[in-house]
Amino acid sequence: MKCVSVVGARPQFIKASPLTLAIRKQNRDVLIHTGQHYDHGMSDVFFQDLGIPMPEYHLGIGSGSHGVQTGAMLKAIEEVLEKERPDVVLVYGDTNSTLAAALAAAKLHIPVAHVEAGLRSFNRAMPEEINRVMTDHLSTWLFTPSTLSRDNLRREGIEHGVHVVGDIMYDALLLHRRSAEHRSDVLTRLELSPRSYYAATIHRAENTDLPDRLRAIFKALQVLAKPVIVPLHPRTKKKIEEYMIHVGPNVRCIEPLGYLDMVRFQEHAACVLTDSGGVQKEAYYLRVPCVTLRTETEWVETVTAGWNVVCGSSVEAILNAVEKMESCSASQSNLYGDGHAAERIVSILSACRE
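Residues numbered from 1 in each chain as written. Predicted model: local features only at pLDDT ≥ 70, side-chain atom pairs only at ≥ 80, totals over all residues. Heavy atoms only, no water.

Engineer: Is there a simple way to explain the overall build of the protein chain in this structure?
Structural biologist: Of the regular secondary structure elements, the protein chain holds 16 helices and 13 strands. A compact globule built from 354 residues would reach a C-alpha radius of gyration of about 20 Å, and the protein chain, at 19 Å, matches this within 12%. Dimensions of the protein chain along its principal axes, counting C-alpha atoms only, are 60 × 40 × 40 Å. Counting across all 354 residues of the protein chain, residues that qualify as buried make up 60%. Here the protein chain contributes 38 positively and 42 negatively charged side chains, and the mean placements of these two sets differ by 0 Å. (Helix = DSSP H or I, 4+ residues; strand = E, 2+ residues; numbered from the N terminus. Rg over C-alpha atoms; globule rule 2.2 N^0.38 Å. Buried < 20%, exposed > 50% of the residue type's maximum accessible area, 1.4 Å probe, protein only. Lys, Arg positive; Asp, Glu negative; His and termini not counted. Charge placed at Lys NZ, Arg CZ, Asp CG, Glu CD.)

Next comes the structure, spelled out in structure tokens:
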């Protein structure tokens, strides 16, 4: 079996790590990096941390509006697929890279396998929601992390080719957590002690592109009871400067962290504040309370389990949520499988290609 895997952003590098290793044991896998995340802190360091082979193709698309970026990716990916002619195209998550690859493959009649299918926030104002819905409807194989995501697909009339395999990011965490413990010195470098700080990540357009919302988030971070450390996404950094937002002495902005550093950094935080889907899950797996700076989440199981609260972006709501979650004592179960999603995916694809 010959696969082409398409990645472009930080979460996709993480998801591709265990699956790429599993595929390459007996099959051929060609890796395409669209360049959606293109600087060292958001891209190259992840390949180094995760032991992923460097991509055979780096398209270098970079940033741009959704239409410009997706269109450029579609054209470039199509050219690679016409050359490689794989048996299957693997796509991950909900980025513009995901949708562009799914469109390119579908138009060339190459089957698409969507890893992390069936997630829904039910907010069509989110570009990620559009990407994930359209990708699911283009896919031949839909690998969901939970029964809830399978049920979401059923409600849209998608039942054939759906497989509940668990969360591929749990595979990645189990694969690399011990390495993070031994190799990462992030707490020493940042002069942090366990549970003495909050970890925050902010990058989604619904927060960064609205000045009042981004300003309110940083106002809340300024007055929290513990220092807040923010690995700063390039988009967020640009918007802070553009809106002239006062960060405040309680907030420490740092450069983006690699995967191993990020795992260690999150694991020892008193609480995680984020608008990232992947970080919500990592916080759950690491048994760290999470406050989601959005009005909804596609990872609703973490909320139901009591480890995550969705609070929006008002100052009062954020402060109340952190106070509530820091004393979280909820029990924990395997919401998203047992850490063997990659093996299941390879087994299913291999059986279908025989």
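Engineer: Explanation requested: the environment of Cys253 in the structure shown.
Structural biologist: Inspection of the secondary structure assignment puts Cys253 in strand 10 (residues 251-254). Along the backbone, Cys253 and Val230 are 23 residues apart, and their C-alpha atoms lie at a distance of 4.7 Å. Apart from residues no more than four positions distant in its own chain, Cys253 is found in contact with Phe218, Val230, Leu232 and Val247. (Contact = heavy atoms within 4.5 Å.)

Engineer: Which parts of the structure should I look at to understand the packing of aromatic side chains?
Structural biologist: Where two aromatic rings form a pair, the distance of their centres and the angle of their planes describe that pair. By the definition in use, this model includes six aromatic pairs. Taking the centre distance of 6.5 Å and the plane angle of 90 degrees together, the rings of Tyr285 and Tyr336 count as edge-to-face. With Tyr285 in helix 13 (residues 277-285) and Tyr336 in the loop between helix 15 (315-325) and helix 16 (341-353), this pair connects stretches of sequence that are 51 residues apart. Looking at Tyr285, the relative accessible area reads 10%, which means it is buried. Tyr336 gets classed as buried once you look at its relative accessible area, which sits at 1%. Ring-pair connections join several aromatic residues into one group, and the members of that group are Tyr170, Tyr284, Tyr285, Trp299, Trp307 and Tyr336. (Phe/Tyr/Trp six-rings, centres within 6.5 Å; stacked < 30°, edge-to-face > 60°.)

Engineer: Please clarify how the nonpolar core should be interpreted in this entry.
Structural biologist: Burial of nonpolar side chains together is a common tendency in soluble globular proteins. One finds Leu19, Leu90, Phe143, Tyr259 and Phe265 to be the most contacted residues of the largest nonpolar core, which totals 61 residues. Ranked by size, the runner-up nonpolar core spans 28 residues in total, among them Ile202, Val228, Ile240 and Ala270. (Core = buried A, V, L, I, M, F, W, Y, C linked by side-chain atoms within 4.5 Å.)

Engineer: So what exactly am I meant to see when it comes to the side chain of His114 here?
Structural biologist: Its place among the elements puts His114 in strand 5 (residues 112-115). Relative accessible area serves as the criterion here: at 0%, His114 is assigned to the buried category. Here Gly93 takes part through its backbone oxygen, which lies 2.8 Å from a polar atom of the side chain of His114. Among all residues touching His114, those that are not within four sequence positions of it are Val91, Tyr92, Gly93, Thr98, Arg132, Thr135, Asp136, Ser139, Trp141, Leu142 and Phe143. (Polar contact = N/O pair within 3.5 Å; in protein donor to acceptor, adjacent residues only side chain to side chain.)

Engineer: Just checking my understanding: could you explain the packing of helix 10 (residues 211-222) against helix 11 (residues 234-243) for this structure?
Structural biologist: In a packed pair of helices, the relevant descriptors are the angle between the two axes and the axis-to-axis distance. Running from N to C, helix 10 and helix 11 cross one another at 100 degrees; their axes reach a closest spacing of 11 Å. The angle between helix 10 and helix 11 falls in the class roughly perpendicular. Every residue of helix 11 that contacts helix 10 at Pro211, Leu214, Arg215 and Phe218 is listed here: Thr236, Lys239, Ile240 and Tyr243. (Axes fitted to C-alpha atoms, helices over the stretch in contact; angles between N-to-C directions. Parallel < 35°, antiparallel > 145°, perpendicular 65-115°, else oblique.)

Any functional reading would require information that these geometric values do not contain.
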